[in-house]
Amino acid sequence: MHQFTIATRESRLAMWQAEHVQALLSGMGHQVALLGMTTQGDQILDRALSQVGGKGLFVKELEVALEEKRADLAVHSLKDVPMELPEGFSLACVMAREDPRDAFVSNTYANLDALPQGAVVGTSSLRRVALLRAQRPDLRIEPLRGNLDTRLRKLDEGLYDAIVLAAAGLKRLGLSSRIRAVFEPSVMLPAAGQGALGIEVCSDRADVVAALAPLVHRTTWLAVAAERAVSRAMGGSCSMPLAAYATLSDDILTIDAAWGDTEGRLPLVRVRLSGPVSDLSSATDLGLRVANDLRAKVLAQGGTLAHLAASTDQPG
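Residues numbered from 1 in each chain as written. Predicted model: local features only at pLDDT ≥ 70, side-chain atom pairs only at ≥ 80, totals over all residues. Heavy atoms only, no water.

A.B. asks: Describe the sheet that holds strand β7 (residues 140-142), with residues and values.
C.D. replies: A sheet is described by the order of its strands in space; here five strands give the open sequence β7-β6-β8-β5-β9, paired in mixed fashion. If you trace the sheet from one side to the other, it starts and ends with β7 and β9 (181-183), each paired once. When the angles between neighbouring strand axes are averaged without regard to direction, this sheet yields 30°. As paired elements, strand β6 (residues 120-122) and strand β8 (residues 162-166) share two bridges and run parallel to each other. Note that in β8 the partner of G122 across the bridge is I163. Helix α5 (residues 126-135) contacts β5 (102-105), β6, β7 and β8 of the sheet and is inclined by roughly 125° relative to β8. Helix α6 (residues 148-156) rests against β5 and β8 of the sheet, and its axis sits at about 165° to β8. (Pairing = 2+ DSSP bridges. Helix = DSSP H or I, 4+ residues; strand = E, 2+ residues; numbered from the N terminus. Axes fitted to C-alpha atoms, helices over the stretch in contact; angles between N-to-C directions. Contact = heavy atoms within 4.5 Å.)

Structural data, given as structure tokens:
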């Protein structure tokens, strides 16, 4: 039995995730406390993440708590974890995935097709912007920042006709009734890691890694390792409209990836590859192959290295 402290953001969804891990570890006999924190990403709400430092703004304070030994592990929505962790930190556990899809949320309209021309849709994800523009170039897509409850409140105040959120967060908080429709991956390809929880630790904490081992979900970890490899190789960050989603069946991993132009000037580019995987290394290798193919296709369609460098999501 160990005594652990979990560092977590204080949003309602982040606390649910931390409490979920706390309950699982407690059920294994460990004593687990929570350390709630407010991050820079939670404080800066008037600008897009791509303009103020990206996903790292949501994890930096938690990493400091780990480094200073005020906490032993940090629970994250994996899609919000930077593709490269700082030296001294590692991903110790990836848990079973919730619904990885995006959700269409509206108080008036049943789905994307039902929106009238010029309707206002809220999202601050460049990935979602690119994918929405590819389907409905007539829409007005406006920035939407804040935690999940804040975004729903802004919708309810009439600032948007619809908003797009991760289905996983709504389901985890018992808000499935707010979902009017879900986007199938063939229509709105998810972000790398979407729907999965990742647990970060200091790399030298073998004791924490061992305690977390029963929570590891191999299928999810292999899939998200491939997705994150695509994003990492493409320079994926909040400034890149990039999607990557993998599924595993009988040790055959299939990865779909997409890159889009948020201005709608270049066509949406998609790549799919399948191959056998047996470990994180082979999953990562397949992801790198997808990234190479995707990059080549973007350039062939008239994109440039500048497009690729500065063309994935913020929490939610």
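A.B. asks: Requested: an account of the pattern of salt bridges, with residues and values cited.
C.D. replies: Across all of its chains, the model carries 18 salt bridges by this definition. Of the charged contacts in the structure, one is a salt bridge between R97 and E227, with a shortest N-O distance of 2.9 Å. Of this pair, R97 sits in the loop between β4 (89-94) and β5 while E227 sits in helix α9 (residues 218-233), and the two are 130 residues apart along the sequence. With its nearest N and O atoms 2.8 Å apart, the salt bridge here joins D138 to R136. Classification of R136 as buried rests on a relative accessible area of 11%. Shared partners join several salt bridges into a network, and the residues in it are D99, R101, K171 and E184. (Salt bridge = Lys/Arg side-chain N within 4 Å of Asp/Glu carboxyl O. Buried < 20%, exposed > 50% of the residue type's maximum accessible area, 1.4 Å probe, protein only.)

A.B. asks: Explain the environment of D261 to me, and be specific about the residues and the numbers.
C.D. replies: Relative to the helices and strands, D261 resides in the loop between β12 (252-259) and β13 (269-276). With 20 residues separating them along the chain, D261 and P241 place their C-alpha atoms 7.0 Å apart. Each residue touching D261, except ones within four places of it in the same chain, is listed here: A130 and L266.

A.B. asks: Kindly report on the packing of α9 against helix α10 (residues 280-300), identifying the contributing residues and their values.
C.D. replies: Close contact between α9 and α10 brings their axes to 7 Å; oriented N to C, the two are set at 40°. α10 is crossed by α9, and the crossing has right-handed handedness. Between α9 and α10, the residues in contact are W221, L222, A225, A226, A229, V230 and A233 and L280, A283, T284, G287, L288, V290, A291 and R295, respectively. When its residues are assigned to classes, the contact of α9 with α10 shows 12 nonpolar, two polar and one charged. (Left-handed = near helix turned anticlockwise from the far one by under 90°. Nonpolar A, V, L, I, M, F, W, Y, C, P; charged D, E, K, R; others polar.)

A.B. asks: Tell me what's going on with unusual backbone geometry, and back it up with residues and numbers.
C.D. replies: We note that D250 has phi near 55°; this positive angle belongs to a residue other than glycine. Tracing the chain through its elements places D250 in the loop between β11 (242-249) and β12. One non-glycine residue, D251, adopts positive backbone phi at about 65°. Structurally, D251 can be placed in the loop between β11 and β12. A residue is classified by how much of its surface remains accessible, and D251, at 40% relative accessible area, is partly exposed.

A.B. asks: Run through α9, naming residues and quoting values.
C.D. replies: The first and last C-alpha atoms of α9 sit 22 Å apart over 16 residues, in line with the 22 Å expected at 1.5 Å per residue. Burial within α9 is extensive, with 12 of its 16 residues counted as buried. Buried positions along α9 lie against β4, β11, β12 and α10. Among the residues trailing α9, G235 stands out with phi positive, at a value near 80°. (Expected span 1.5 Å × (residues − 1).)

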